[in-house]
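Letter by letter, the chains look like this.
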Amino acid sequence: MHRRERCHADTASHRVSRIDRAPIVFSCLGHLYVHFCTAFYFVIVLALERDWGRPFHELIELWTLGSLLVGLAALPAGLLGDRIGSARMMAVFFVGMGAGSGAASLSSSTESMMVSLAAIGLFASIYHPVGIPWLVRHARTRPGKSLGVNGIFGSAGSALAGIVSGSLVDLAGWRVAFLVPGLVCVATGALLFTFLATGRIRDERPAPRTDSLEPSADGRRVVGILLVTMFLAGLVFHATQTSLPKLFEQRHGGLVEEGAFGIGLLVALVYGAAGVMQIMGGHLADRYPLKPVYLGAILLQVPLLWVAASISGLPLVVVATLMVMANAGALPAENMLLARHTPERRHGLFFGVKFVMTFGAAPLAVALVSAVSGRTGELHWLYVLLSSFALAAFVIAAFLPSSRRAPLTEPLLVPTIKETTQT
């Protein structure tokens, strides 16, 4: 009798484990798709320059509204995720972003393209404040490793945006480069709806915990510092992502043949390597105090961005890879710092605020790239400015309180008195 009960318990445990893995898979796919669909235009725009006969700085501005919505809509998206459930919001994210991409493939004017890109940005805003907390609720142990793996999917999305979009543009044109990712997103959303309807994923809100605290004064200090550093880091990330295809087009030094595929391949190499760094960043965040891990990743970007302003050819590709790796390596520690110092039941809110700041920097980054490119035709001063932004982020982040590393088995999402006390 006891053996039968134990067998049933093991079966139920296995079923729960299997159900718990499904949100992690969809969250990782969502991270891939959101970075793909918010980066593919930077390669597609190179084809639009030729097809529509418009200059780069004018066409890149069409993404300004979309990038603004990615940030501004993150907060209401996080609040909706807390209220109606993460899985439902993620299904809306997949379908809506895919529909926006499909609409972009039908665009015949700059106005219709801007509206379609805005739709992509609006639905893309759902992922980070909803998908990241959804992931960590199902990955309580070794959170840094889980966030690092998830980060690989995000970096893979940025990498594939270059090579897949470049290939589709060269093989079938820019409209197909919008259409194919849109169809994949919609199909994934339909699959998630099916999982919800059949009960394979249960959209349950996190239950209140007696040990889940309101942010302490120290926690509020951490959040305040992080908001500023995350804005500056977001500015560096988005300006780099927006400008890198154009920078490679101008300075590849014969490494690749002319055309969207060659430039996309270089971008893919850079962001593919960055994905590996997120695993290392997560590994370090699990085992060492978060502050030095975070500071070190930010500091590395300062000289790399400065050097990237002036070099070309293979050295540029190597330096660009290192600077994007450093940017990506900071993310697991950053997310863990934010989650550790905020109450679990408000994670949708706080992660929404985070991505209002980080993605709110995107339209400023796009405008900055457009202004520098339009004024000089080159991008040297852009990377000099980005180096100074990274230095400012390092100085501000240095005021984060020092704290011990948490045990590897301690849940990420439950702040404790020990975690919020400066040591």
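1. Comments concerning the packing of helix α12 (residues 260–287) against helix α15 (residues 331–340)
Packed helix pairs are specified by the crossing angle of their axes together with the interaxial distance, meaning the distance between the axes.
Item 1. Running from N to C, α12 and α15 point in directions that differ by 45°, and their axes come no closer than 7 Å. Comparing the axis directions of α12 and α15 gives the class oblique. Contacts between α12 and α15 involve Gln-278, Gly-281, Gly-282, Ala-285 and Asp-286 from the first element and Leu-331, Pro-332, Ala-333 and Met-336 from the second.
Item 2. Here the contact of α12 with α15 is built from residues that sort into five nonpolar, three polar and one charged.

2. Details of empty space enclosed by the protein
Item 1. Tallied over the entire structure, the rule returns ten cavities of 30 Å³ or more.
Item 2. Broken down by element, the lining of the largest cavity gets its largest block of residues, six residues, from helix α9 (residues 143–172).
Item 3. Here the residues of the lining of the largest cavity sort into 16 nonpolar, 15 polar and two charged.
Item 4. Roughly 80 Å³ of internal volume is contained in the second largest cavity.
Item 5. As for the second largest cavity, its lining consists of 13 residues, of which Thr-38, Trp-63, His-238, Gln-241 and Ala-362 are closest to the centre.
Item 6. Listed by contribution, the elements that provide at least two residues to the lining of the second largest cavity are α4 (64–72), α11 (217–251) and α16 (347–376).
Item 7. Split by residue class, the lining of the second largest cavity holds seven nonpolar, six polar and no charged.

3. What to know about the nonpolar core
Item 1. Ranked by internal contacts, the top residues of the largest apolar core, which has 124 residues, are Tyr-41, Phe-248, Tyr-294 and Tyr-383.
Item 2. Ranked by residues supplied to this core, first place goes to α11 with 13 residues.
Item 3. Leave out the neighbours within four places in its chain, and Phe-248 touches Ile-263, Leu-266, Val-267, Val-270, Leu-316, Val-317 and Ala-320.

4. A closer look at a nonpolar patch on the surface
Item 1. On the surface, a cluster of nonpolar side chains totalling about 310 Å² of accessible area is made up of Leu-65, Leu-68, Leu-72 and Met-114.
Item 2. It is α4 that provides the largest number of residues to the nonpolar patch, a total of three residues.
Item 3. Take Leu-72: it is sitting in helix α4.

5. Focus on helix α5 (residues 74–84)
Item 1. Where α5 is concerned, the buried positions are Ala-74, Ala-77, Gly-78, Gly-81 and Asp-82. Angular distribution of buried residues about the axis of α5 spans 140°; they occupy a single face of the element.
Item 2. Directly after α5, the chain includes Gly-85, whose backbone phi takes a positive value near 110°.

6. A word on the packing of α5 against helix α6 (residues 86–105)
Item 1. Closest axis-to-axis distance for the α5/α6 pair is 7 Å, and the angle between their directions is 130°. Classified by the interaxial angle, the pair formed by α5 and α6 is oblique. Taken together, the residues of α6 that come into contact with α5 (itself represented by Ala-77, Leu-80, Gly-81 and Ile-84) are Ser-86, Arg-88 and Met-89.
Item 2. Within the contact of α5 with α6, the residues separate by chemical class into four nonpolar, two polar and one charged.

7. With respect to the pattern of salt bridges
Item 1. Following the criterion strictly, the structure yields three salt bridges and no others.
Item 2. A salt bridge links Lys-246 to Glu-49; the shortest N-O distance between them is 3.7 Å. Within this pair, whereas Lys-246 is found in helix α11, its partner Glu-49 is found in helix α2 (residues 41–52), the two being separated by 197 residues in sequence. Glu-49 matches Lys-246 in its accessibility class, with the two residues each being buried.
Item 3. With its nearest N and O atoms 2.6 Å apart, the salt bridge here joins Arg-54 to Glu-58.
Item 4. Connected through salt bridges with shared partners, the residues Glu-49, Lys-246 and Glu-249 form a single ionic network.

8. Topic: the packing of aromatic side chains
Think of a pair of aromatic rings as described by two things: how far the centres are apart, and how the planes are tilted against each other in angle.
Item 1. Tallied over the entire structure, the rule returns nine aromatic pairs.
Item 2. Summarising the aromatic geometry, the rings of Phe-93 and Phe-94 are spaced 4.9 Å apart at their centres and angled 50° between planes, so their arrangement reads as tilted.
Item 3. Among the aromatic residues, those joined into a cluster by ring pairs are Phe-26, Tyr-33, Phe-93, Phe-94, Tyr-127 and Phe-195.

9. Here we look at the confidence of the model for the protein chain
Item 1. Here the protein chain averages 80 in pLDDT, and 83% of its residues register 70 or above.
Item 2. Per-residue pLDDT, averaged within each element of the protein chain, yields its smallest value for helix α1 (residues 2–37) (67) and its largest for helix α7 (residues 110–124) (95).
Item 3. With pLDDT under 50 throughout, residues 207–215 is counted as low confidence; its partners more than four residues away or in other chains account for 18 contacts.
Item 4. In this model residues 405–423 is a low-confidence stretch, pLDDT under 50, and it forms 62 contacts with partners more than four residues away in sequence or in other chains.

10. Here we look at the environment of Val-43
Item 1. As for its placement among the helices and strands, Val-43 is situated in helix α2.
Item 2. By relative accessible area, Val-43 is classed as buried at 2%.
Item 3. A sequence separation of 221 residues divides Val-43 from Gly-264, and the C-alpha atoms of the two residues are 6.7 Å apart.
Item 4. Excluding anything up to four places from it in sequence, Val-43 contacts Ala-161, Gly-162, Ser-165, Gly-166, Pro-245 and Ala-260.

11. Examining the environment of Leu-299
Item 1. For Leu-299, the position within the fold is in helix α13 (residues 290–308).
Item 2. With 92 residues separating them along the chain, Leu-299 and Leu-391 place their C-alpha atoms 6.8 Å apart.

Definitions and cut-offs
- Sequence order as written defines the numbering, with residues in each chain counted from 1.
- pLDDT decides what is reported in this predicted model: residues at 70 or higher carry local features, side-chain atom pairs at 80 or more are listed and counted, and totals for whole chains, interfaces and linings draw on all residues regardless.
- Excluding hydrogens and water, the side-chain figures rest on all heavy atoms present in the structure.
- Orientation is described by lines fitted to C-alpha atoms, with helices fitted over the stretch in contact, and by angles between N-to-C directions that extend from 0 to 180 degrees.
- Here a strand is any run of E in DSSP of at least two residues, a helix any run of H or I of at least four, and the numbering for each starts at the N terminus.
- Throughout, the term roughly parallel applies to angles under 35 degrees, roughly antiparallel to angles over 145, roughly perpendicular to angles from 65 to 115, and oblique to all others.
- The contact criterion used is simple: two residues touch if any of their non-hydrogen atoms lie within 4.5 Å.
- Throughout, the ten residues Ala, Val, Leu, Ile, Met, Phe, Trp, Tyr, Cys and Pro are labelled nonpolar, Asp, Glu, Lys and Arg are labelled charged, and all others, Gly among them, are labelled polar.
- In this analysis the probe radius is 1.4 Å and the grid spacing 1 Å, with only protein atoms considered; a cavity is a set of points the probe fits into but cannot get out of, a pocket is an open set with protein on both sides within 12 Å along at least five of seven lines, and lining residues have an atom within 4 Å of a point.
- Grid points are joined across faces, edges and corners, and a volume is the space filled by probe spheres set on the points.
- Buried residues of nine kinds, namely Ala, Val, Leu, Ile, Met, Phe, Trp, Tyr and Cys, make up a nonpolar core once their side-chain atoms join them within 4.5 Å.
- Only protein chains enter the accessibility calculation, which uses a 1.4 Å probe. A residue is then buried if its area is under 20% of the maximum for its type, exposed if over 50%, and partly exposed in between.
- Patches here are clusters of residues that have more than 30% relative accessible area and form no salt bridge, with a 9 Å joining cutoff for like charges and a 5 Å cutoff for nonpolar side chains (Val, Leu, Ile, Met, Phe, Trp, Tyr).
- Note that accessible areas follow from Shrake-Rupley with a 1.4 Å probe, and for residues the cover is restricted to the protein chains shown.
- For this document, the term salt bridge refers to a Lys or Arg side-chain nitrogen within 4 Å of an Asp or Glu carboxyl oxygen.
- As used here, the arc is the angular range of directions from the helix axis to the C-beta atoms.
- In summary, the pairing rule links any two rings of Phe, Tyr or Trp, Trp by its six-membered ring, whose centres are within 6.5 Å, and it sorts them by plane angle into stacked for under 30 degrees, edge-to-face for over 60 and tilted for everything else.
- pLDDT: the predictor's confidence for each residue, scored from 0 to 100.

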